[in-house]
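Coordinates in review
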Amino acid sequence: MSDQQYYDVIIIGGGHAGTEAALASARTGASTCLISQNIETIGQMSCNPAIGGIGKSHLVKEIDALDGVMAKATDRAGIHFRVLNARKGPAVRATRAQADRQLYKQTIRGFVENQDNLKLFQQTVVDLLIVNGVVKGVKTQLDVIFHANSVVLTTGTFLGGLIHIGMESHTGGRAGDPPSNSLAKRLRELPFRVDRLKTGTPPRIDARSVDFSQLEEQPGDNPRPVMSYLGSIEQHPEQRMCHITYTNADTHDIIRKNLKRSPLFSGKIDGTGPRYCPSIEDKVVRFADRDQHQIFIEPEGLNTQELYPNGISTSLPYDVQIALIRTIKGFENAHITRPGYAIEYDYFDPRDLNFSLETRFIEGLFFAGQINGTTGYEEAAAQGLLAGSNAALKAAGKPLWHPRRDEAYLGVLVDDLVNQGTNEPYRMFTSRAEFRLLLRQDNADARLTQMGRELGLVSNVRWDIFCEKQKKINELTQMLAEFKIIVGTDLANKFNKITDVKISKDSDLLTLLKRPEVNAQHVMKLIDSPDYNLVGEQVEIQIKYQGYIKRQQAEIDKIDRQEQVVLPPELDYLAMEGLSNELREKLAYVKPPTLAKAGRIQGITPAALSLLLIHAKKIRDMS
Amino acid sequence: MTSVNSDRTTSGKLKYASGIETDTIAAIATPAGKGGIGIVRLSGPEAQNILVKIIGKKITPRYATLASFLDQQGEKLDRGLALFFPAPHSFTGEHVAELHGHGGPVIIDLLLSECLSHGARLAKPGEYSERAYHNNKLDLVQAEAIADLINSASANAARAAARSLSGDFSIQINKVAEEIKNLRVYVEASIDFPEEEIDFLTEGQVSQKAQKIVSELKLLLISSEQGVLLRDGIRLVIAGKPNVGKSSLLNCLVGFDRAIVTAHAGTTRDSLSESITLKGLPITFVDTAGLRTTNDVVELEGIKRTHEEIKKADRIILVRDASIKNRALEEELEELNLIDNSDENKKTNDRSDFFGRLLLVNNKMDLIGENLPTINISGNQSVINISALTGAGVDNLVEEIIQLVGYQQQTVGFSARRRHIESLNGALTALELGISQLNTMAAGELFAEDLKCAHMHCGDILGHMSSDELLGEIFSSFCIGK
Ligand SMILES: Nc1nc2c(ncn2[C@@H]2O[C@H](COP(=O)(O)OP(=O)(O)O)[C@@H](O)[C@H]2O)c(=O)[nH]1
Ligand SMILES: [Mg+2]
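Residues numbered from 1 in each chain as written. Chains lettered and ligands numbered in written order. Predicted model: local features only at pLDDT ≥ 70, side-chain atom pairs only at ≥ 80, totals over all residues. Heavy atoms only, no water.

1. Points about the packing of helix H2 (residues 56-65) of chain A against helix H3 (residues 70-77) of chain A
All names here are of chain A.
- Relative orientation of the contacting elements H2 and H3 amounts to 110 degrees, with a least axis distance of 7 Å. One finds that H2 runs roughly perpendicular with respect to H3. Contacts between H2 and H3 pair Val60, Ile63 and Asp64 from the former with Met70, Ala71 and Lys72 from the latter.
- Among the residues forming the contact of H2 with H3, the class breakdown is four nonpolar, no polar and two charged. (Axes fitted to C-alpha atoms, helices over the stretch in contact; angles between N-to-C directions. Helix = DSSP H or I, 4+ residues; strand = E, 2+ residues; numbered from the N terminus. Parallel < 35°, antiparallel > 145°, perpendicular 65-115°, else oblique. Contact = heavy atoms within 4.5 Å. Nonpolar A, V, L, I, M, F, W, Y, C, P; charged D, E, K, R; others polar.)

Printed below as a string of structure tokens:
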């Protein structure tokens, strides 16, 4: 006799996508159950324990703006913080943190266990209950039936995982998780398109066998940044040093000599690896003129001796790994604790998803994370938050949502995936965002928190702090605009003293802040209202980017208008004259919901968009 | 979903729910066949203001007013009629202004350029009709027709653009675009991969490189304004099987023996072109290698070029020898590889585009007697009977060509050039702004923004690069990856 349980939303998988999905769903008030094969692995960092980086910390801040937990957990677990691109301007500035793996996992577990409306259950899901194309729940190994209105699948690389070390290979998921075969089989029966990707990891090294005196030190930044808008450095645990070393000619020789024993080069692996994260054998072959490659040595935590040598992922045989590691400065006596490996896995073509991350074929079923062809904790978590909140909205019968490309990196991520698909593990870069100056890590709250509040995702605490901050920004902007500086007055002299800028005509502080030589600290000194110190930089960034943002606004307005043109599903793209065959097929496959989305499909021309517009209007006029 | 964003300003522009743009567009809009008059038509909110700037006065709506058309220095470009139709009682439903001039294609092109310098944007193919449709000025039945119009107009424009880019100019544009791309690859790589060991250019070097591109763009603009870009007017390609009399027809049309005429099949192995003015229209005739199946390498190369010429042609004059027995037209076209008759391709755009440009000529009529009509209709395709030897019927052919080609086609070439100049100007402005950002603000991310903008303008001419392709360039240029 099987047990029956009832929930609004079921989340399968407790990784970064699964936890954000479960928490988001529960925050909106939906009764939610997170089912994981192993509760001990909830919040586990299966690769190197680093959060953030260029494009990625942008996502983390967006998750934070929607009251997700990734940034908060990073502040509680981070043992090394840096600001990247500090000198290249605020829009491309990013925060990166090295986390203690254990602390991070514990923190996430704590958030999950303390969340109202959220229950945990450890079981393997073996089947999805689907009635007439609508998901109704899931069945677990013990025949327990979980009824739910929505189900979010976040099971990472578990599908068809194949691990390669040298010419040996075995099936498995990442970090030792067993593959879940019956669910995988069940999913394959559904009409989703499946393709194959690959990725790799470096061998891990025992710190006690490393000669640190040989290594370049890379300290964290001072002043130290925080990840969450609500974070403070008082939350940070003890900080650690990172190190840098390099490969050399000997390393490269060993690799070249053993290429035929690499599954990558012998043709044994057929999944597509990421272009931005080549294995060390790839680097040595493709960039043969380089005599060294950089390795970042990252500690895995405060209470472990394991190190993650970032930059030498490899699938060469174990004996070659030992040999090549020991050619590296500082690693002469290194002990490998876990060999590096390449893993191939299946993913679902994200073009089979809607922008809400609901699947097109099964109503109420959502996919988030690596299963959609992405890589990275941040990309996974961001999708989880979106899928989880939509699963809850769906269960409540409310309209689903997603941010647009000009509103969030999350919008760029979803739009890229759903519109273009991907043929390598998809990772975020700032160059993917055409509105990069708007999508900054410093203003994710201004971009998203109100939206999150309306969706029920944002708690009172965050909302109050956010409102207060926005109020201060507005007040300060106003204040600076009204703060006149008249040539020849004491104030003008004082301004000159602080900034070294001599004004030649009367002005106000807001206008003066646009000048390259003038910064927020200068004007804050002049107005002497310490209350506003924290928002001074925000005002400076806004005023300095103002001209560019106005220019982008015209582009955004156009997208806005095109977003309002709904392309009716009955449009027959295949019969549409005047489009190339390739475009017809792409359109027929993707079925873009709006004109703006059609405009993002590769190969579309303005003339083709005009045609779509006319056909759409024709259908509307007829009905 | 929309979010509150303190950075965002609300635009004062009109918001149309239709999704189309709301700026003022301009184009040359002369009906085909009216050789003497050229019309520049403006549509959009600024139409009246631009008109007033050009004629120096306000005019009564819907009345034709005689006026002088002035350039920005107040010099008279032309004299003609000006009209203004206020919204919504106009062809497009927006404010529409028209300038009717007599000065010929070059002057009309200058007039158009004047409108653009006052803030109008060059209309996209079919855009007037599109706006008319969205403002409910056209009914449902006409929607299909507009779709067709957009198709054929954009095909025309694409051909003209491809042609105007041939030779030197295209090499230069490609070179500049390549330099912009390479600089972008550097700048974007340094932004997205700050931790990698990339031998980055110093800011000084970046701005030097950008400065060099600016000078190149300026040179390019000067030469394109001088007309280097537009070498020929409309282009008519004479094609057909060997020995049907193509070269003879070219000679006949241009009036002297430019092409070698022989009785051996396959004499013309390369394309020859000759430009003449027919009733005031500059026209280039291209004689081509005869089409047939062959194994001769040299001849095959000639045939390949013939196909390329056919792709670029405004019209294709297909010559057939009337003195011998010919296969049915469709069969012959398929045999010559000019159309694909398979079912799946029967409805394609390429095919209807090809037939739309086709002009059929039966040659050697002298050999079968003069008692056939000079023009006959077979199917829905008209055929002109001529003798390239005696010259009989060639005047009919010239008449037909002028009818078909008219003034409109002529201006397509000018618009193509205008569009390129607009794009180059856009790229130049963006780069200059970017350099000043880099030099005065040390703002790398803003420079990157302007560089992207310049790259997009080049993309308008050469085709755009997606962000993923840009990333691909970065990954193949630099060893990136932890
Ligand atoms: N009788 C007659 N012969 C012609 C006519 N046009 C061309 N020819 C002859 O046909 C042969 C081939 O002509 P040519 O122009 O070289 O043909 P092409 O190969 O198509 O360029 C030459 O001997 C011409 O003199 C025509 O209208 N009447
Ligand atoms: Mg010939």
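2. Structural notes on the site of ligand 1
Residue and element names in this part refer to chain B.
- Around ligand 1, 18 residues are found, and the nearest of them are Asn243, Lys246, Ser247, Ser248 and Asp366.
- Between ligand 1 and Gly245, the relevant distance is 3.0 Å, taken from an oxygen atom to a main-chain nitrogen or oxygen of the residue.
- One of the side-chain N or O atoms of Ser247 is found 2.8 Å from an oxygen atom in ligand 1.
- Contact with the protein chains hides 86% of the accessible area of ligand 1, taken as 580 Å² for the molecule alone.
- When residues of the shell around ligand 1 are assigned to their parent elements, the largest contribution, three residues, is made by helix H7 (residues 246-254).
- Across the shell around ligand 1, the residue classes tally to seven nonpolar, seven polar and four charged. (Near = heavy atom within 4 Å. Polar contact = N/O pair within 3.5 Å; in protein donor to acceptor, adjacent residues only side chain to side chain. Areas by Shrake-Rupley, 256 points an atom, 1.4 Å probe, with all protein chains shown as cover.)

3. Digging into helix H15 (residues 520-527) of chain A
Residues and elements named next belong to chain A.
- For H15, a buried count of six out of eight residues is recorded, marking the element as mostly surrounded by other parts of the structure.
- Buried within H15 we find Ala520, His522, Val523, Met524, Leu526 and Ile527.
- Those residues of H15 hidden inside the fold are in contact with helix H12 (460-482), strand S23 (484-485), helix H13 (490-499), helix H14 (509-513) and helix H16 (536-563).
- Phi for Asp528, located one or two positions after H15, is positive at around 55 degrees. (Buried < 20%, exposed > 50% of the residue type's maximum accessible area, 1.4 Å probe, protein only.)

4. Side note on the sheet that holds strand S2 (residues 9-12) of chain A
Residues and elements named next belong to chain A.
- Taken in spatial order, the five strands line up as S7-S3-S2-S11-S22 in an open sheet, and their pairing is parallel. In the strand order of this sheet, the two ends are held by strand S7 (118-122) and strand S22 (365-367), each with one partner. Mean inter-strand twist for the sheet, computed between neighbouring axes without regard to direction, equals 20 degrees.
- Here strand S11 (residues 150-153) runs beside S22; their pairing, made up of three bridges, is parallel. Paired with Leu153 across the bridge in S22 is Phe367.
- The strands touched by helix H9 (residues 377-395) are S2, S11 and S22; relative to S11, the strand with the most contacts, the crossing angle is about 165 degrees. (Pairing = 2+ DSSP bridges.)

5. Quick look at the environment of Gly426 of chain B
- The topology assignment puts Gly426 of chain B in helix H11 (residues 394-441).
- Distance in space between the C-alpha atoms of Gly426 of chain B and Met456 of chain B is 9.2 Å, their sequence separation being 30 residues.

6. As for the pairing of strand S7 (residues 234-240) of chain B
All names here are of chain B.
- Buried residues dominate S7, accounting for seven of its seven residues.
- Alternating residues of S7 divide into Ile234, Leu236, Ile238 and Gly240 and Arg235, Val237 and Ala239, and every residue in both groups is buried.
- Pairing geometry for S7 and strand S10 (residues 315-321), over five bridges, is parallel. Bridge pairing links Ala239 to Leu318 in S10.

7. Re the packing of H9 of chain A against helix H10 (residues 409-420) of chain A
Residue and element names in this part refer to chain A.
- One can describe the packing of H9 onto H10 by two numbers: an axis separation of 10 Å at closest approach and a directional angle of 90 degrees. In terms of axis orientation, H9 runs roughly perpendicular to H10. In contact with Glu379, Ala382, Gln383 and Leu386 of H9, H10 contributes Leu410, Leu413, Val414 and Leu417.
- Looking at the contact of H9 with H10 residue by residue, the class counts come to six nonpolar, one polar and one charged.

8. Some words on the nonpolar core
- Membership of the largest hydrophobic core comes to 104 residues, with the highest contact counts inside it found for Ile10, Tyr104, Leu128, Val138 and Val152 of chain A.
- For this core, the element with the most residues is H9 of chain A, which contributes 10 residues.
- With residues near it in sequence (within four places) discarded, Val152 of chain A still touches Val9, Ile10, Ile11, Ile12, Ala21, Phe366, Ala368, Ala387, Gly388 and Ala391 of chain A.
- Counting residues in each nonpolar core, the second largest holds 29 residues, with Leu221, Leu431, Phe447 and Leu451 of chain B among its members. (Core = buried A, V, L, I, M, F, W, Y, C linked by side-chain atoms within 4.5 Å.)

9. Here's the deal with unusual backbone geometry
- In this model, Asn222 of chain A is joined to Pro223 of chain A through a cis peptide bond whose omega is 0 degrees.
- If you trace the backbone, Pro223 of chain A turns up in the loop between strand S16 (216-218) and strand S17 (242-246).
- Omega for the peptide link from Ala87 of chain B to Pro88 of chain B comes to 0 degrees, which places this bond in the cis form.
- Topologically, Pro88 of chain B is positioned in the loop between strand S4 (76-85) and strand S5 (96-101).

10. Section: the pattern of salt bridges
Residue and element names in this part refer to chain A.
- Scanning the entire structure with this criterion turns up 69 salt bridges over all chains.
- Lys597 is paired through a salt bridge with Glu563; the nearest N and O atoms lie 3.1 Å apart. With Lys597 in helix H18 (residues 595-598) and Glu563 in helix H16, this pair connects stretches of sequence that are 34 residues apart.
- With relative accessibility at 6%, the residue Lys597 sits in the buried group.
- Ionic contacts of the salt-bridge type, sharing partners, join the residues Arg405, Asp415, Asp416, Glu434 and Arg600 into one network. (Salt bridge = Lys/Arg side-chain N within 4 Å of Asp/Glu carboxyl O.)

11. Quick word on the packing of aromatic side chains
Residue and element names in this part refer to chain A.
- Inspection of every chain in the model, using the stated rule, returns 13 aromatic pairs over all chains.
- With a centroid separation of 6.1 Å and an interplanar angle of 20 degrees, the aromatic rings of Tyr7 and Phe146 are classed as stacked. Here Tyr7, found in the loop between strand S1 (4-6) and S2, pairs with Phe146, found in strand S10 (residues 145-147); they are 139 residues apart in sequence, far enough to count as distant.
- Take Tyr7: its relative accessible area is 13%, and that puts it in the buried class.
- Each member of the aromatic cluster is reached from another via a ring pair, and the members are Phe192, Phe348, Phe361 and Phe367.
- Here Lys597 stacks its cationic end above the ring of Phe355, 4.3 Å away from the centre of that ring. (Phe/Tyr/Trp six-rings, centres within 6.5 Å; stacked < 30°, edge-to-face > 60°. Lys NZ or Arg CZ within 6 Å of the ring centre and 35° of its normal.)

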